[in-house]
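Working through the structure, step by step
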Amino acid sequence: IKDLERSELSFIGLNKQQVDGPKILVSPGTGLGLAGITAQEIISTEAGHLNIPQKETKDDLKKIIETFVSINKRVPTYEDFLSGKGIRYFYEVLSAGKGTNLSAEEILENKNMNETCTNTKELLIYLLGSYLRYVALVWGSTGGVYLSGSIANSLITKETHLTFREVFEDSETMQDLLKAIPLILVTIDDIGFRG
């Protein structure tokens, strides 16, 4: 993170500066990677395995969670949904199994303006924003929340910044702190090779 150029970062919201303090780096992909960075020390976690709270259940998301529970006999974790397999699962449930067989990348690209792809993307943006809210507060990441990888870069565009930030800041008791935390999208594709 410290070696990235400013041109490789896209700030989400009004807070457009890197600040000191603990940071987290979140990378949705085959799973949901999260590492904490404090005093230049990197701490790997398994934070993707948090269960999705009942509070985060919009109507379509509630349907997806209920379907998941009935099939898997357990409550889903954020990693179940904020990953390549989760993208395809959302699409399949929202299309009631009648959608075309698209890859996660094709769903996020949505070149044909398919309504189910759009709904899938909107729910994933909401879920990612809520996940980051929880882990930012748990970690105390006042130095910023960094997002990386192709899934994050496909979900979070200039057009979704406002909505994403609103979901992230949606807390009755901690909104002031969340507003102060920078959300930063790492726009390069090869961050894994920079370490």
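Above this text sits the structure in question.
This section reports on the structure supplied with the text. Predicted, not measured: the structure shown is a model, and the values here were computed from it.

1. Quick look at empty space enclosed by the protein
Considering all chains together, one arrives at 1 cavity of 30 Å³ or more under this definition. Approximately 40 Å³ is the volume attributed to the largest cavity. Contributing to the lining of the largest cavity are Pro28, Phe81, Leu82, Ser83, Ile87, Leu124, Ile151 and Leu155. The class makeup of the residues in the lining of the largest cavity is 7 nonpolar, 1 polar and no charged.

2. Focus: the nonpolar core
As a rule of thumb, nonpolar side chains are buried together in soluble globular proteins. Within the largest apolar cluster, 47 residues are counted, with the highest numbers of intra-cluster contacts made by Phe81, Phe90, Leu128, Tyr131, Leu132, Leu147 and Phe164. It is helix α5 (residues 115-139) that provides the largest number of residues to this core, a total of 11 residues. Excluding its chain neighbours within four sequence positions, the residues that come into contact with phenylalanine 90 are Leu61, Ile64, Phe81, Thr120, Leu123, Leu124 and Leu127. Core analysis: the second largest hydrophobic core is formed by 8 residues, Tyr146, Ile184, Val186 and Ile188 among them.

3. As for α5
Compared with an ideal rise of 1.5 Å per residue, which puts 25 residues at 36 Å, α5 spans 36 Å between its outermost C-alpha atoms and is within 8% of the ideal. Backbone geometry just downstream of α5 places glycine 140 in the positive-phi region, at approximately 70°.

Cut-offs and rules
Residues numbered from 1 in each chain as written. Predicted model: local features only at pLDDT ≥ 70, side-chain atom pairs only at ≥ 80, totals over all residues. Heavy atoms only, no water. 1 Å grid on protein atoms, 1.4 Å probe; cavity = no way out; pocket = protein on both sides within 12 Å on 5 of 7 lines; lining within 4 Å. Points joined across faces, edges and corners; volume = space filled by probe spheres on them. Nonpolar A, V, L, I, M, F, W, Y, C, P; charged D, E, K, R; others polar. Core = buried A, V, L, I, M, F, W, Y, C linked by side-chain atoms within 4.5 Å. Buried < 20%, exposed > 50% of the residue type's maximum accessible area, 1.4 Å probe, protein only. Helix = DSSP H or I, 4+ residues; strand = E, 2+ residues; numbered from the N terminus. Contact = heavy atoms within 4.5 Å. Expected span 1.5 Å × (residues − 1).

The analysis is restricted to geometry; functional conclusions fall outside its scope.
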